[in-house]
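# Per-entry structural report
Below are the chains, spelled out letter by letter.
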Amino acid sequence: MKKLLLFLCCIFFLFSFNEAKHPYHVGSVEINYNSQSKTFEITGRFFLDDLENGLSQKYGKSFHFNDAKYKTQLKEALKNYSAEYFKLKTDNKFLKINYVGYEEDNESVNLYLESETVNTPKKVEAAVSFLYNLFDDQINIVHIIVNGNRKSEKLTYPNRYLYQQF
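Let me sum up the structure you'll find in this document.

Criteria and thresholds
Residues numbered from 1 in each chain as written. Predicted model: local features only at pLDDT ≥ 70, side-chain atom pairs only at ≥ 80, totals over all residues. Heavy atoms only, no water. Phe/Tyr/Trp six-rings, centres within 6.5 Å; stacked < 30°, edge-to-face > 60°. Helix = DSSP H or I, 4+ residues; strand = E, 2+ residues; numbered from the N terminus. Buried < 20%, exposed > 50% of the residue type's maximum accessible area, 1.4 Å probe, protein only. Pairing = 2+ DSSP bridges. Axes fitted to C-alpha atoms, helices over the stretch in contact; angles between N-to-C directions. Contact = heavy atoms within 4.5 Å.

We now examine the packing of aromatic side chains. Under the counting rule described, the total for this entry stands at eight aromatic pairs. Note on tyrosine 132 and tyrosine 157: the rings are 5.2 Å apart at their centroids and 80° apart in plane angle, and the pair reads as edge-to-face. Linking tyrosine 132 in the loop between strand 7 (123-128) and strand 8 (139-146) with tyrosine 157 in the loop between strand 9 (149-156) and strand 10 (161-165), this pair joins segments that are 25 residues apart in sequence. Tyrosine 157 gets classed as partly exposed once you look at its relative accessible area, which sits at 33%. Taken together, the aromatic side chains of Phe46, Tyr81, Tyr85, Phe86 and Phe130 make up a single cluster linked through ring pairs.

Quick look at the sheet that holds strand 5 (residues 97-104) now. Strand order in the open sheet formed by six strands is 5-6-2-1-8-9, and the pairing between neighbours is mixed. Only two strands of the sheet have a single neighbouring strand rather than two, namely strand 5 and strand 9. When strand polarity is set aside, the average angle formed by the axes of neighbouring strands in this sheet is 15°. Sheet strands touched by helix 2 (residues 48-59): strand 2 (39-47), strand 5 and strand 6 (108-115). Its angle to strand 2, the strand with the most contacts, is close to 100°. The strands touched by helix 3 (residues 71-85) within the sheet are strand 5 and strand 6, with strand 5 carrying the most contacts at an inclination of about 135°.

See the structure below:
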C-alpha cells in the first residue's frame, strides 16, 4: 500500500507541472566565421514558445511554429525580427546580415543567418537582444568563433553589446 501511495504521489507531482513553462528565459547565438566562404554563419537557438510569444508581442498577431499555415508569416517575421535584434560589426564596419531560414522541433527553434563576405576579422562586435522585447530576465549566451578560436559571453537583459578581439 505504501508503495502504491508513493507511486501515485510521484505521478501527481510529475503531472502537476504539465502546464508550467520552463523557468528560465535563455537562448544561444553562435557566430562562426567560415574562412572558405569568408562569411559569418550565425545560428540562434531559442525555446519555441518564447520565440512565438516574442514575435506575437512585437507584431501584434499570433504566430505558431509546427503549423504549416503560418510558415510564410513566420519567415517574414523572423527576417524582420532578426534584422532588428541582431547586429554584427567587424573591424569597425557594420555587416549586412541575411536571413537564411529556420528549423523547428517540439521545444526549440534554430534561426539561421549569414553575413556578407568579409576578410578574416581581428575585432568582432555584436549587438544581441533576442527576446528582450518579451522578458526582462532574458539571457543570451553568445559564442564567437574565428579560425577555431572560440570566445563566449553571457548577455543578460538589458546588456546587449559584446566585443571580442582575435
